[in-house]
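Spelled out, the chains give:
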Amino acid sequence: MSTAAHECLFCKIVAGELPANRLYEDDELLAFRDISPKAPFHGLIIPKIHIATLNDLVPSHAALAGRMFLVAKELANEHELPGYRVVVNTNSEGGQVVFHIHMHVLGGRQMTAGLG
Ligand code: AMP
Ligand code: ZN
């Protein structure tokens, strides 16, 4: 499933057309709080460019994708999370609902061991 950038929820947040509780921003990346948090801290990290899913990453995105992990680490540090979980749901079968690639950062409670 693909979503055109002009009708993409997260592209609208990047453009400032929809509100978000912003946590971090630079030229390439934006992080904001998930509207329906699954943990006391639940951030989403997205690239500002529209990339639909993990499957749409290409080698030229390598630095961008890598920097998403660095932002996750910075958010965890800033919000004093001793441990946290990073998730990238991919395609509807993987639980993806918003088709603009995003990294969930979950913390502030004990995460269950494993992924159960
Ligand atoms: P996923 O299931 O991985 O596609 O996750 C999409 C996430 O986006 C969900 O956790 C939603 O709660 C979150 N979400 C949807 N709309 C918004 C919004 N306007 N602002 C912040 N988070 C949102
Ligand atoms: Zn988008």
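Notes on the structure follow.

The rules behind each value
Residues numbered from 1 in each chain as written. Chains lettered and ligands numbered in written order. Predicted model: local features only at pLDDT ≥ 70, side-chain atom pairs only at ≥ 80, totals over all residues. Heavy atoms only, no water. Phe/Tyr/Trp six-rings, centres within 6.5 Å; stacked < 30°, edge-to-face > 60°. Helix = DSSP H or I, 4+ residues; strand = E, 2+ residues; numbered from the N terminus. Buried < 20%, exposed > 50% of the residue type's maximum accessible area, 1.4 Å probe, protein only. Donors = N, O, S within 2.8 Å, 3.2 Å for Na, K, Ca; no water. Tetrahedral: all angles 85-135°; square planar, octahedral: opposite > 155°, others 65-115°.

**Things to note about the packing of aromatic side chains**
Summed over all chains, the structure comprises 1 aromatic pair. Ring geometry for F10 against F32: centres 5.3 Å apart, planes inclined by 80 degrees, an arrangement best described as edge-to-face. Residue F10 is located in helix α1 (residues 9-14), and its partner F32 is located in strand β2 (residues 29-33); the two are separated by 22 residues in the primary sequence. Just as F10 is buried, F32 falls in that class too.

**A word on the coordination of the zinc ion (ligand 2)**
At this site the zinc ion (ligand 2) is bound by C8 (SG), C11 (SG), H50 (ND1) and H100 (ND1), with donor distances of 2.0 to 2.3 Å. Around the zinc ion (ligand 2), the 4 donor atoms sit at angles spanning 103 to 117 degrees, and that spread fits a shape best called tetrahedral. Counting gaps between the donor residues of the zinc ion (ligand 2) yields the pattern C-x2-C-x38-H-x49-H. One end of the pair, H50, is in the loop between β3 (41-47) and α2 (62-78); the other, H100, is in the loop between β4 (84-87) and β5 (103-107), and 50 residues separate them in sequence.

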